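Below, each chain spelled out in residue letters.
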Amino acid sequence: MLLNASNPNVNFKYSVDDIIWKVRTAYATGMYQLYADCLYIENNRGGDITTGNQTPDRVEEIRLELTKQIFVRNVAPTLVISGEPSSKPRIEYILNLTSSDPGDDTITSWVIDWGDGTEPELITGNPQNVTHIYATSGLFTISAKATDEDGTWNANTIDVEITVPEIPWISGDPEILAGREYILDLHKNNATITQWIINWGDGSAVEIIDGSLEKATHRYADGDESRTILVTAVKAIDSGTENIELAKEIFVRNVA
């Protein structure tokens, strides 16, 4: 739409699209009608320029009311999830949630897919972080989406590797009858064990067995007292070997 001066002595015209509309308010999505007053000032010299008969300069002010219709389109919020690249099973994993929006929209909920086969988790509101406990080891991809007044939006995805600590351990019955075979279970727990060194705690010779074995056995001659089994697991590491000390207390009962 072109706006022209009504005074024939004032030669100007403006297109509404030439006006710079400075909107200082954050608009929500939708159609809006903008209004503005335009004050045009023109210095004119009247008279006949061919004869030199000219009147003094005069100032004309013309006030125009301009209107323009605009459509404000929504901009999706920026959603970012982040967290440590690795963790362990059965401990809380912390996922950070970050959101920003150029408008006034508010995040009302998040849905987190932890990638481990559990149901996606609905989080009400817009917390800074949430937690999850992974039951098993593996590489999992976490995805998330958030909802505001204008819709539901996807965040980035991240991978987290859940690994079992390579720490060996031992187990067995808490008591045994004297003369019976006691079975000690040896758990490598993903570690590379080269040797098991076992002190059965009854004065017998220390026993050294191959690290690939998963059980060791022993017979206690005397009873009615506690015995502490001491085990050294020799673990292979990049720089050589590492000794991991383990212990288990059992009670040996006497047989009449």
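Residues numbered from 1 in each chain as written. Predicted model: local features only at pLDDT ≥ 70, side-chain atom pairs only at ≥ 80, totals over all residues. Heavy atoms only, no water.

1. Focus on the overall build of the protein
Tallying secondary structure elements over the protein gives zero helices and 21 strands in all. Counting all 256 residues of the protein, 30% fall into the buried class. Here the contacts in the protein between residues at least 6 apart in sequence split such that 57% fall between residues at least 24 apart. (Helix = DSSP H or I, 4+ residues; strand = E, 2+ residues; numbered from the N terminus. Buried < 20%, exposed > 50% of the residue type's maximum accessible area, 1.4 Å probe, protein only. Contact = heavy atoms within 4.5 Å.)

2. Concerning the pattern of salt bridges
By the definition in use, this model includes three salt bridges. Between Arg253 and Glu175 there is a salt bridge, with its nearest N and O atoms 3.0 Å apart. Pair noted here: Arg253 is in strand E21 (residues 240–253) and Glu175 is in strand E15 (residues 175–177), with a separation of 78 residues, a long-range link. Given a relative accessible area of 38%, Glu175 falls into the partly exposed group. Notably, a salt bridge pairs Lys215 with Asp185, separated by 2.6 Å at the nearest N-O pair. Remark: Asp185 occurs in strand E16 (residues 181–187) and Lys215 occurs in strand E19 (residues 215–219); sequence separation between them is 30 residues. Taking relative accessible area as the criterion, Lys215 reaches 51% and is therefore assigned exposed. What makes Asp185 buried here is its relative accessible area of 19%. (Salt bridge = Lys/Arg side-chain N within 4 Å of Asp/Glu carboxyl O.)

3. Remarks on the pairing of E19
Only one face of E19 is buried, namely the one carrying Ala216 and His218, since none of Lys215, Thr217 and Arg219 on the opposite face is buried. As paired elements, E16 and E19 share five bridges and run antiparallel to each other. Each residue of the ladder has a partner; that of Leu184, found in E19, is Ala216. (Pairing = 2+ DSSP bridges.)

4. Describing the sheet that holds strand E18 (residues 207–210)
With respect to topology, five strands assemble into an open sheet ordered E15-E21-E20-E17-E18, the strand pairing being mixed. Either end of the sheet is taken by a strand with one partner, and the two such strands are E15 and E18. Taking each pair of neighbouring strands and ignoring which way they run, the sheet shows an average axis angle of 30°. The sheet contact formed by strand E17 (residues 193–199) and E18 spans four bridges and is antiparallel. Bridging across to E18, Trp196 finds its partner in Ile209. (Axes fitted to C-alpha atoms, helices over the stretch in contact; angles between N-to-C directions.)

5. Side note on the nonpolar core
Counting 21 residues, the largest nonpolar core has Tyr182, Leu184, Trp196, Trp200, Tyr220, Ile229 and Val231 as its most contacted members. Of all the secondary-structure elements, those providing two or more residues to this core are E16, E17, strand E20 (225–237) and E21. No other element matches the four residues that E21 contributes to this core. Among residues more than four places away in sequence, those in contact with Trp200 are Tyr182, Leu184, Glu207, Ala216, Thr217, His218, Tyr220, Arg227, Thr228 and Ile229. Within the second largest apolar cluster, 20 residues are counted, among which are Ile81, Trp110, Ile112 and Ala155. (Core = buried A, V, L, I, M, F, W, Y, C linked by side-chain atoms within 4.5 Å.)

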